Amino acid sequence: MEKVKRLKTRVWVVDNIVDKQQVYPQIREAVEWLRAGEVIAFPTETVYGLGADAANTAAVEKIFAAKGRPSDNPLIVHVASMAQAEAVAASIPPMAKTLMERFWPGPLTLVLPKRAKAVSERVTAGLPTVAVRMPDHPLALALIEASGLALAAPSANRSGRPSPTTAAHVLADLDGRIAGVIDGGPTGVGVESTVLDCSGGVPTILRPGGVTKEALIEAIGRVEEAAAVNDEAAPKAPGMKYTHYAPKAPLWIVAGPPAFLQRLVDESRAEGKTVGVLTTEENRDQYAADVVLPCGTRQALETVASRLYDTLRRFDETNVDLIYSEAFPEEGIGAAIMNRLRKAAGGRAISEQRK
């Protein structure tokens, strides 16, 4: 049975960052808990992360316990300086340095050869590599700098659930399971960072995210995409192997026009099921379903990315038996959106051609 010490989860609200150099009292208190080996949720530009001292195995174990996270799923180490990155990585190839200069701080995680004993083996799941990123959020950077710690930090949600983009999402999943959460308001990007393997050979995207494949190619030239990870293989980065981001109701991705998706809705409702539809502002009036939730606009897929997890969680507040989601173009940020939807759907998809 999973052992999680019941905690009083503190909430520190920092909603008006005037001076980025100022260490706010809320940050100081959170730092005390981190140094004491507890876990603290904090905002980044992508989603809220659940941070612990990456060198403290006992603290890292609390991340896995709070989330119910599989033990072979590695964690990303968050840093606030190049010096911290160099302290956890055994080497940083010139190509990786180019990417750091271009995209850090930002939603790009680089997988590099790890420095021996720099972080807990639980962080790297025993792999010879370590995933590192510098978040582009003043509170995240302030927390890391004030603590002097490199922070192992997966998304601050129960494993398998939609990632949190607000402090309320964090509390819905982890209240009583973690020491505290810094409430910095909603996050911006909305989907996790891109994970790029730079540990040898051609740079390979292990997980699409906030930095697009097109932007990476423009910066360094050739970039490949990793194949799917089977059940036996150890994932080299988070988000590769397991079902993630899932709402409570089964989710189906539908490739086809609104009329086709509506036909599926009608068939399911005829069977007595309550049906939800995840759509966009352009198509919201195209559907007659029990719950229709728009998620951004197709004219700016960044808005879909930023609202995706919140929309999935909003379906949990309804009584739908199943959810049909529109599919999205897979260029740019659309690749990350579709990656998350496929994980949330557990591979369930319907296309008009195969119906």
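What counts as what
- Residues numbered from 1 in each chain as written.
- Predicted model: local features only at pLDDT ≥ 70, side-chain atom pairs only at ≥ 80, totals over all residues.
- Heavy atoms only, no water.
- UniProt positions renumbered as here; feature names shortened; annotations may be inferred.
- Phe/Tyr/Trp six-rings, centres within 6.5 Å; stacked < 30°, edge-to-face > 60°.
- Lys NZ or Arg CZ within 6 Å of the ring centre and 35° of its normal.
- Pairing = 2+ DSSP bridges.
- Helix = DSSP H or I, 4+ residues; strand = E, 2+ residues; numbered from the N terminus.
- Contact = heavy atoms within 4.5 Å.
- Axes fitted to C-alpha atoms, helices over the stretch in contact; angles between N-to-C directions.

Looking at an unreviewed UniProt entry, the chain carries the name Threonylcarbamoyl-AMP synthase, with the source organism given as Bacillus caldolyticus. Under the UniProt heading Catalytic activity (unreviewed entry), the note attached to the chain is "L-threonine + hydrogencarbonate + ATP = L-threonylcarbamoyladenylate + diphosphate + H2O". Within the UniProt record for the chain, the comment given under Sequence similarities (unreviewed entry) is "Belongs to the SUA5 family."

Topic: the packing of aromatic side chains
Per the counting criterion, the structure on display carries one aromatic pair. Sitting over the ring of Phe 64, Arg 122 keeps its end group 4.1 Å from the ring centre.

Looking at the sheet that holds strand E3 (residues 48-53)
Taken in spatial order, the eleven strands make up an open sheet running E1-E8-E2-E3-E7-E4-E6-E5-E9-E10-E11, and their pairing is mixed. Bordering the open sheet on either side are strand E1 (10-13) and strand E11 (224-225), each of which pairs with just one other strand. Sheet topology places strand E5 (residues 108-113) next to strand E9 (residues 194-197); four bridges connect them, and they run parallel. Looking at the pairing, Val 111 lines up with Asp 197 of E9. On the sheet, helix H6 (residues 138-147) packs against strand E2 (40-43), strand E4 (76-78), strand E7 (151-152) and strand E8 (180-183) and is oriented at approximately 140 degrees with respect to E2. The strands touched by helix H8 (residues 213-220) within the sheet are E5, E9, strand E10 (204-207) and E11, with E9 carrying the most contacts at an inclination of about 40 degrees.

Brief notes about the sheet that holds strand E15 (residues 322-326)
Taken in spatial order, the five strands make up an open sheet running E14-E13-E15-E12-E16, and their pairing is parallel. Both edges of this open sheet fall to strand E14 (291-294) and strand E16 (349-351), since each of them pairs with a single strand only. Averaged over all pairs of adjacent strands, the angle between strand axes in this sheet comes to 25 degrees, irrespective of strand direction. Sheet topology note: the strand E12 (residues 251-255)/E16 ladder contains three bridges and is parallel. Looking at the pairing, Ile 253 lines up with Ala 349 of E16. Here helix H9 (residues 258-270) sits on the sheet in contact with E12, strand E13 (275-279), E15 and E16, set at roughly 175 degrees to E15. Across the face of the sheet, helix H10 (residues 301-316) comes into contact with E12, E13, E14 and E15 while running at roughly 165 degrees to E14.

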